[in-house]
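# Coordinate analysis (summary)
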2 protein chains.
Amino acid sequence: MTETEPALRATNEAFGLSADGIAVIADDEPLRLSSGATLGPIEVAYQTWGTLNDDKSNAVLVCHALTGDQYVLGPHPLTGRGGWWETMLGAGKVLDTDKYFVICANVLGGCMGSTGPGSTNPATGKPYGIDFPVITIKDMVHVQVRLLDRLGIDQLFCAIGGSMGGMQVLQLAADYPERVFSAVPIAAAARHSAQNIAFHEVGRQAIMADPDWNGGRFLELNTLPERGLAVARMAAHITYLSETALHLKFGRDLQDRADLSYAFDADFQVESYLRYQGASFVNRFDANSYLYITRAMDYFDLAAEYDGSLTNAFRNAQSRFCLVSFTSDWLYPTAESREVVRALNAVAANVSFIEIESDKGHDAFLLDEPDLFRILGGFLNGAARHRGLVD
Amino acid sequence: MTETEPALRATNEAFGLSADGIAVIADDEPLRLSSGATLGPIEVAYQTWGTLNDDKSNAVLVCHALTGDQYVLGPHPLTGRGGWWETMLGAGKVLDTDKYFVICANVLGGCMGSTGPGSTNPATGKPYGIDFPVITIKDMVHVQVRLLDRLGIDQLFCAIGGSMGGMQVLQLAADYPERVFSAVPIAAAARHSAQNIAFHEVGRQAIMADPDWNGGRFLELNTLPERGLAVARMAAHITYLSETALHLKFGRDLQDRADLSYAFDADFQVESYLRYQGASFVNRFDANSYLYITRAMDYFDLAAEYDGSLTNAFRNAQSRFCLVSFTSDWLYPTAESREVVRALNAVAANVSFIEIESDKGHDAFLLDEPDLFRILGGFLNGAARHRGLVD
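Residues numbered from 1 in each chain as written. Chains lettered and ligands numbered in written order. Predicted model: local features only at pLDDT ≥ 70, side-chain atom pairs only at ≥ 80, totals over all residues.

### Brief notes about unusual backbone geometry
Selection rule: Elements are defined by DSSP. Helices are runs of H or I of four residues or more, strands are runs of E of two residues or more, and each kind is numbered from the N terminus.
In this structure, the amide linkage connecting A:Gly40 to the following residue, A:Pro41, adopts the cis form with an omega of -5°. For A:Pro41, the location among the structural elements is in the loop between β3 (38–39) and β4 (42–49). Geometrically, the link from B:Gly74 to B:Pro75 is a cis peptide bond, its omega value of 0° lying close to zero. Looking at the secondary structure, you find B:Pro75 in the loop between β5 (59–63) and β6 (89–90). In this structure, A:Asp256 is a non-glycine residue whose phi angle is positive, near 50°. On the secondary structure map, A:Asp256 appears in the loop between α7 (243–249) and α8 (269–281). Positive phi is not limited to glycine here, since B:Ala187 has a value of about 50°. Structurally, the position occupied by B:Ala187 is in the loop between β12 (180–186) and α4 (194–209).

Shown next as structure tokens:
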């Protein structure tokens, strides 16, 4: 683990939390999950940047995606590399740490310090494995809200996230409308499509097919389903990129050779790249967390939680929304953002929507996309004025 | 194995071939492969339908796709089910067995009787496994042409196939222009894209990650990498369907249950469907054949074989071409067919091209697509008149 950042240390001291960025919630009474199961106490590992103002009105919650974590900025404690949204967060950036107090917590079910399938099951003294209860996006958001309670933040200035982060933002704005002044779901959807469920199922089957998964008890038995998890990551990674991005980046270029090998080596750069993505992922991610979090995404269907009507879900929405999609994102295509926009319009919510022209695919939200920064910067500045954060 | 069909028995008798639809080629001199390796003798397992006319001008070669085989019509000897193109082949159908003599051979590297990695390596007396040489689409086509030689067919009336079958048709028309009167590549491309290579690589890694693959020696060791092959099939199967097809067919419908299970069972119909696709595939396909044939597809780049110019590839083209693509095919999108059409136009070839509006994805070529039958029927009737097959 890294040394605790100064900002986090100050936050923890201010709120009487433990020094390593862990809040314990549901310690008095276990949390009731969507499944009906209960869980508690729950540890929530988080990071913060910037300073919370006196009336606690400048807090921004960043919600991370499937394989993300609370290390929006690096160095990442396991990889030593930069954080996943360095382009977005920092002094003078869109999520301006000179103006905002930014929080990001590892999701429930994750593997970077929050309670998940790798945590110790108090009933057995061993890692939960697949005895961990199946969780939902709603459960993740419930935990985030409990963390905000602990930090004394009644209303976020903004909740923002891409992909599964965007799903959490939508869930938060639906379930806790009074707690979100502005909401920015990027490259997201109000429900997971059949195709996305299908890709996730391939990944889960790859993990569970690995004998080293050992029925989910691999931590206890000290084996690691590295091959299965790597295959799952490889399959998923293709879906994060556009066909155009793959073509421009790799085409049919060969890796370190002039001619085809006529063997099963990684002849093509795209093969080598995918193998690297798979191999490096297993060093930082827990295979069971991958099962649980993909399951939570597959289960996500916001309308279903509100009598089958997405309009109902936003009936009490109070937030200003800014939705963003990318033209080449085939995992969460623009049509799915438009469905959310239609539901928000139906309840006369304050909503902006932009489809950004990009050939980078779903991962565009993580990359250097000037249009994204310009649009979100403008939206947040306007919202900040309305919220009285700037003159 | 099934009983030999009457038509095939007659063909075999006529050409002095073995009664079970196996031709042996390269028995005098081994075949030189693209890799430089040599292979021979080579067995080619094939089926025929209809009757060859006296001047041998009515032969149609059907080229099968990655996981297809010579059983265009059923019953399939392993599954007992129908063939893969029953919609297209038969009396009164597009490939009219009352008019044409139709041949389909299992590709080199396949696992339904033609020489492949599951065949016995004469050097060791054991199955080749991954000592089998890496093959290419060009090698497959070379073998098909040797089979035509054995059948005494100088010129095919038509070569037709979808997906990898379409690749073979393009290769055949380029390498042996005088032997193809008409060529129908459907849902194909002149080279494999980076995205397609990436999906294949995921499948190969899934197979090779299965300990039961045993370094490719599973037949010898009597183990079967069923789990890895099933995962490979599942990942590939998603790419054969369109997002719309998956949505219309399954959406988020649950399988045999009213509510989510909050477990890792196949809650959604799409999960159950994919698991079935994976599980049933392993009963009829060899994992090493899957490695070799996907590799051949990845290596396919027709222009590269002709000094980097697709126009060069078709410089001597004599065939009448009819190319077909489908709007929702994201594996071989229309743009890739258009590239072939442009190259054919550049050499003033006789070429028709149609993009069929379909929401069924890549697999549309295998399904009941009335537009496909109407267009191909019209094209073949016209070609048959020009060839003097009808008045």
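There's more to say after this.
### So, the relation of the copies chain B and chain A
The cut-off we apply is this: C-alpha atoms of residues with pLDDT of at least 70 in both copies form the basis for the least-squares superposition of the copies. Throughout, a pair of residues is in contact if the C-beta atoms placed from their backbones lie within 7 Å.
If you rotate chain B by 180° and push it 0.0 Å along the axis, it lands on chain A with an RMSD of 0.0 Å. Here the copies are linked by what is in effect a two-fold axis. Mapped onto chain A, 100% of the interface residues of chain B again fall at the interface, so both copies present the same surface.

### Some words on the sheet that holds β5(B)
Within a sheet, neighbouring strands are paired by backbone hydrogen bonds and run either parallel or antiparallel to one another. All names here are of chain B. To keep it simple, the criterion reads: Should DSSP find at least two bridges between two strands, the strands are taken to pair. Helix axes are fitted to C-alpha atoms over the stretch in contact, other axes to C-alpha atoms as well, and angles between N-to-C directions run from 0 to 180 degrees.
Spatially, β1-β4-β8-β5-β11-β12-β13-β14 is the arrangement adopted by the eight strands of the open sheet, whose pairing is mixed. A strand with exactly one partner marks an edge of an open sheet, and here the two such strands are β1 (22–25) and β14 (350–356). The mean angle between the axes of side-by-side strands here comes to 20°, regardless of whether they run parallel or antiparallel. Two strands pair when backbone bridges link them, and β5 and strand β11 (residues 156–162) are joined in this way by four bridges, in the parallel orientation.

### Examining the domain arrangement of chain A
All names here are of chain A. Put simply, the test is: The domain boundaries here were taken from an automatic or database domain assignment. Each residue is assigned to one of three groups, with Ala, Val, Leu, Ile, Met, Phe, Trp, Tyr, Cys and Pro labelled nonpolar, Asp, Glu, Lys and Arg labelled charged, and all others, Gly among them, labelled polar.
The domains assigned to chain A are domain 1 (6–192 + 303–386) and domain 2 (196–295). Domain 1 puts 27 residues into the contact, and the matching count from domain 2 is 22 residues. In the side of domain 1 that touches domain 2, the residues fall into 12 nonpolar, 11 polar and four charged.

### Some points on the interface of chain B and chain A
Across the contact, 42 residues belong to chain B and 42 residues belong to chain A. Among the elements of the structure, α4, α6 (226–240), α7 (243–249), α8 (269–281) and α9 (287–299) of chain B are those that each provide at least two residues to the side of chain B that touches chain A. Ranked by residues supplied to the side of chain B that touches chain A, first place goes to α4(B) with 11 residues.

### Digging into helix α2 (residues 137–151) of chain B
As a reminder, the rule being used: Helix span, expected: 1.5 Å multiplied by one less than the number of residues in the helix. Here the C-beta atoms are placed from the backbone, and a residue counts as buried if at least 20 other C-beta atoms lie within 10 Å of its own, exposed if 12 or fewer do, and partly exposed otherwise.
Look at α2(B): 21 Å from first C-alpha to last across 15 residues, which is about the 21 Å you get at 1.5 Å a residue. When we look at burial in α2(B), the residues that qualify are B:Ile137, B:Lys138, B:Asp139, B:Met140, B:Val141, B:His142, B:Val143, B:Gln144, B:Leu147, B:Leu148 and B:Leu151.

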